[in-house]
Amino acid sequence: ADVSMSFSQDMDDEYEKLIRRMNPPRVVIDNDSCKNATVIRVDSANEYGILLEVVQILTDLNLTITKAYISSDGGWFMDVFNVTDQDGNKVTDEVVLDYIQKSLGPEACFSTPMRTIGVTPSTESTVIELTGCDRPGLLSELTAVLTHLRCSVLNAEVWTHNTRAAAVMQVTTDDSTGCAISDPERLSRIKNLLRNVLKGSNTPREAKTVLSHGEVHTDRRLHQMMFEDRDYEHRAVVDDDSSIQDERQRPDVCVDNWLDKDYSVVTVRCKDRPKLLFDTVCTLTDMQYVVFHGSVDTEGTEAYQEYYVRHIDGSPVKSEAEKQRVIQCLEAAINRRVSEGLKLELCTTDRVGLLSNVTRIFRENSLTVTRAEVKTKGGKALNTFYVSDASGYSIDAKTIDSIRQTIGQTILKVKNNPEEQQQRQKPPSQESPTRFLFGGLFKSKSFVNFGLVRSYS
């Protein structure tokens, strides 16, 4: 059975390569037609998941997608993206532009398959995937165990949402070799001890630990892990004030069926932030929905997205239960990466036990980590933490000063104001849930707006 599956996969890959050779992807990068953004047009033979691949490549380059037009009816895929760098300027770096051209253009189909772009190779490290119940001090406990087990964390990303936590960590041995952990007995011990920490006490939900040496795209895996963990299911909230605040921050997601065309129209309206498009497209793809048409726009601090979708089996959303599930899953995908709390950045020479020590200091000062990104590069630790008070109160400035003095004023820096984090987003105004595409999806001016010079039938 394994041989036949392998043969079938090889045949699919060869067929995919043949289609790409016959219809090589075309990429046009235009820095002239739009005054405040670089316009990237991608034309290619259509295949399932290609939209996510393209968005993933642009997102991994830390580009901001300010507008997008998506069309993939029939056998041809045609997307247009208006992008800027992190400072809101056009993309002029020749290295970045060349990478986009090679990653999305004709060369991609003959060398590296598009699906591996942006994936972190981990042959020299061990990947640990963790899922469990969130609680104050969890990251501190996990990193303390890893330090005790003589593991060094190279890279890690931690998300928390709806009482659940997920993490993807790349670890090595903490000795001079700094290699992947291969001893089965040691791997088993790591797995069991981490699972025990994740279980905590009085938690009815299962805790998961998975160890591997494969390749992983961290953001994609975190979405998949939290989706599998059903973090999108609503939990009971005891605090009425918190409930009201959650409602105000909740994204406005609608799903309607356009019966004439057998599409379901999914619209998203929420506060804009980096990687928002990746998060929604990733979730629709993982739920096995195909985006046939779409429009993305940002106005000030708000983002608007509209997708015309069908399930991979060709049908639109078929029931109220399915509709609610799509809404819940998209809300969860958007909220997982919402940066609640005070942003702290740590930059110092990496050393054994650094992450464990820093998170222990947070815990001892009653701070809980809501999201974390840990990186090591050239012997330097570059870590970002979003922290909040474990009791739900605003963070005392004296507490932050004390922590900075303990860790080092020049090493740990505050990147935003605690008062800014207290401001809650106003509820979005009500507008037609299909104001983009119903109004002009199939009109030629839609192409003009995105700097598209010519279209293909």
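Above this note sits the structure.
To start, this report covers the structure provided alongside it. It should be emphasised that the depicted structure is a prediction, and the values quoted were computed from it without experimental measurement.

Criteria and thresholds
- Residues numbered from 1 in each chain as written.
- Predicted model: local features only at pLDDT ≥ 70, side-chain atom pairs only at ≥ 80, totals over all residues.
- Heavy atoms only, no water.
- Helix = DSSP H or I, 4+ residues; strand = E, 2+ residues; numbered from the N terminus.
- Buried < 20%, exposed > 50% of the residue type's maximum accessible area, 1.4 Å probe, protein only.
- Areas by Shrake-Rupley, 256 points an atom, 1.4 Å probe, with all protein chains shown as cover.
- Polar contact = N/O pair within 3.5 Å; in protein donor to acceptor, adjacent residues only side chain to side chain.
- Contact = heavy atoms within 4.5 Å.
- Pairing = 2+ DSSP bridges.
- Core = buried A, V, L, I, M, F, W, Y, C linked by side-chain atoms within 4.5 Å.
- Axes fitted to C-alpha atoms, helices over the stretch in contact; angles between N-to-C directions.
- Phe/Tyr/Trp six-rings, centres within 6.5 Å; stacked < 30°, edge-to-face > 60°.
- Lys NZ or Arg CZ within 6 Å of the ring centre and 35° of its normal.

1. Overview of the overall build of the protein
Right, so step 1: A tally of regular secondary structure across the protein gives 15 helices and 16 strands.
Right, so step 2: Across the 457 residues in the protein, those meeting the buried criterion constitute 48%.
Right, so step 3: Taken as a whole, the protein presents about 22,800 Å² of accessible surface, with 49% of it coming from carbon and sulfur.

2. A closer look at the side chain of Ser315
Right, so step 1: You can see Ser315 is positioned in the loop between strand S12 (302-311) and helix H10 (320-335).
Right, so step 2: Side chain to side chain, Ser315 and Asp313 meet in a polar contact 2.7 Å long.

3. Topic: the side chain of Thr283
Right, so step 1: Note on placement: Thr283 falls in helix H9 (residues 276-286).
Right, so step 2: Residues within four places of Thr283 in sequence aside, it is in contact with His223, Cys329, Leu330, Ala333 and Arg336.

4. Notes on the pairing of strand S11 (residues 289-299)
Right, so step 1: The buried count for S11 comes to nine of 11 residues, which makes it a mostly enclosed element.
Right, so step 2: In the sheet, S11 pairs with S12 via 10 bridges, with the strands oriented antiparallel. From the neighbouring strand, Thr298 faces S12, where its bridge partner is Ala303.
Right, so step 3: Here S11 folds back onto S12, and the loop between the two strands holds two residues, one of which, Gly300, carries a positive phi near 65°.

5. Section: the nonpolar core
Right, so step 1: Within the largest apolar cluster, 49 residues are counted, with the highest numbers of intra-cluster contacts made by Leu58, Phe81 and Tyr307.
Right, so step 2: Among the elements that line this core, the one with the most residues is helix H2 (residues 50-60), at seven residues.
Right, so step 3: If near-sequence neighbours (up to four positions away) are discounted, Leu58 is found in contact with Ile40, Leu63, Ile65, Phe81, Val83 and Ile100.
Right, so step 4: Of all hydrophobic cores here, the second largest spans 43 residues; its members include Ala165, Ile181, Leu342 and Val358.

6. A few points about the pairing of strand S6 (residues 151-161)
Right, so step 1: In terms of residue burial, S6 counts as a mostly covered element, since nine of its 11 residues are buried.
Right, so step 2: Alignment of S6 against strand S7 (residues 164-173), held across 10 bridges, turns out to be antiparallel. Across the sheet, residue Ser152 finds its bridge partner in S7, namely Thr172.
Right, so step 3: Turn length for the S6-S7 hairpin, with the two strands adjacent in sequence and antiparallel, is two residues, and the turn residue Asn162 shows positive phi of about 55°.
Right, so step 4: Across four bridges, the pairing between S6 and strand S14 (residues 367-377) is antiparallel. Paired with Val158 across the strands is Ala372, a residue of S14.

7. A look at the sheet that holds strand S2 (residues 38-45)
Right, so step 1: Taken in spatial order, the eight strands make up an open sheet running S1-S2-S4-S3-S11-S12-S10-S9, and their pairing is antiparallel. In this open sheet, the two strands that pair with only one neighbour each are strand S1 (26-30) and strand S9 (252-258). For this sheet, the mean inter-axis angle between neighbouring strands, taken without regard to orientation, is 20°.
Right, so step 2: Along the sheet, H2 makes contact with S2, strand S3 (64-71), strand S4 (76-84) and S11, crossing S4 at roughly 20°.
Right, so step 3: Sheet strands in contact with H9 are S3, S4, strand S10 (263-271), S11 and S12, and its direction is about 20° off that of S12.

8. Structural notes on unusual backbone geometry
A negative phi angle characterises most non-glycine residues, just as the trans form characterises most peptide bonds.
Right, so step 1: You will see that Asp262, though not glycine, has its phi angle at about 60°, which is positive.
Right, so step 2: Along the polypeptide, Asp262 turns up in the loop between S9 and S10.
Right, so step 3: Here Asp262 falls in the partly exposed class, since its relative accessible area comes to 42%.
Right, so step 4: The residue Gln288 is not glycine, and still its phi comes out positive at about 70°.
Right, so step 5: Within the fold, Gln288 resides in the loop between H9 and S11.

9. Some details on the sheet that holds S14
Right, so step 1: Taken in spatial order, the eight strands line up as S8-S5-S7-S6-S14-S15-S13-S16 in an open sheet, and their pairing is antiparallel. What marks the edges here is a single partner per strand, and that holds for strand S8 (208-212) and strand S16 (412-414). Direction aside, neighbouring strands of the sheet carry axes that sit 20° apart on average.
Right, so step 2: The sheet contact formed by S14 and strand S15 (residues 380-389) spans 10 bridges and is antiparallel. Residue pairing in the sheet places Arg371 in a bridge with Tyr386 of S15.
Right, so step 3: Together, strand S5 (126-133), S6 and S7 form the strand contacts of helix H7 (residues 218-228), whose direction differs from that of S7 by roughly 135°.

10. Regarding the environment of Cys179
Right, so step 1: Take Cys179: it is sitting in the loop between S7 and helix H6 (184-199).
Right, so step 2: Taking the C-alpha atoms as reference, Cys179 lies 5.9 Å from Ser125; in sequence the two are 54 residues apart.
Right, so step 3: Setting aside anything within four residues of it in sequence, one finds Cys179 in contact with Glu124, Thr172 and Thr173.

11. Things to note about the packing of aromatic side chains
Right, so step 1: Under the counting rule described, the total for this entry stands at six aromatic pairs.
Right, so step 2: Measuring from centroid to centroid gives 5.9 Å for Tyr263 and Phe292, while their planes differ by 50°, and the two rings are tilted. Of this pair, Tyr263 sits in strand S10 while Phe292 sits in strand S11, and the two are 29 residues apart along the sequence. Each member of the pair, Tyr263 as well as Phe292, carries the same accessibility label: buried.
Right, so step 3: Between the aromatic rings of Phe362 and Phe385, the centroid separation amounts to 5.2 Å while the plane-to-plane angle is 80°, which identifies the pairing as edge-to-face. Remark: Phe385 occurs in strand S15 and Phe362 occurs in helix H11 (residues 354-364); sequence separation between them is 23 residues.
Right, so step 4: Taking the relative accessible area as the measure of exposure, Phe362 reaches 0% and is therefore buried.
Right, so step 5: For Phe385, a relative accessible area of 0% gives the class buried.
Right, so step 6: The structure contains a cluster of three or more aromatic residues connected by ring pairs, namely Trp258, Tyr263, Phe292 and Tyr308.
Right, so step 7: Here the guanidinium or amino end of Arg310 rests over the ring plane of Phe292, the centre of that ring lying 4.8 Å away.

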